[in-house]
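# Close look at the chain arrangement
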Amino acid sequence: MFRRREAVPFAFVAEADRFRSNVAPPPRRRPSASQLAGRTLIGLTVVAGLVGSLLFGLPALEAPVSPKAPSQAQESGGR
């Protein structure tokens, strides 16, 4: 029914591995002073937020300390 097409030669695939382009990409543009300042401020803001959350979060993570010594002294002294 359907006619079989000719086999595709795969020599071009082997040649593609050896192909090197002689076109170099353009050099990267250096960021301006305002871009560097903006990136620095964003980085400092992120670091300050992490440090602040750590400082405010550590007291909440501590186990509550119950005063056991005075209650034991009162119980033993009453008997």
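Keep in mind that this is a model prediction, so the values were computed, not measured. (Residues numbered from 1 in each chain as written. Predicted model: local features only at pLDDT ≥ 70, side-chain atom pairs only at ≥ 80, totals over all residues. Heavy atoms only, no water.)

Turning to the overall build of the protein chain, a few remarks are in order. Counting secondary structure elements, the protein chain contains three helices and zero strands. Listing every helix and strand of the protein chain by position from the N terminus yields α-α-α. (Helix = DSSP H or I, 4+ residues; strand = E, 2+ residues; numbered from the N terminus.)

Predicted coordinates in areas of low pLDDT are best not read in detail. Of the residues in the protein chain, 58% have a pLDDT of 70 or more, and the chain-wide mean is 77. When mean pLDDT is taken per element in the protein chain, helix α2 (residues 33-61) scores highest with 94 and helix α3 (residues 68-78) scores lowest with 55. (pLDDT = per-residue confidence, 0-100.)

Residues Ile42, Val46 and Leu50 make up a contiguous nonpolar surface patch of roughly 310 Å² in combined accessible area. Relative to the assigned elements, valine 46 resides in helix α2. (Patch = residues over 30% accessible without salt bridge, like charges linked within 9 Å, V, L, I, M, F, W, Y side chains within 5 Å. Areas by Shrake-Rupley, 256 points an atom, 1.4 Å probe, with all protein chains shown as cover. Salt bridge = Lys/Arg side-chain N within 4 Å of Asp/Glu carboxyl O.)

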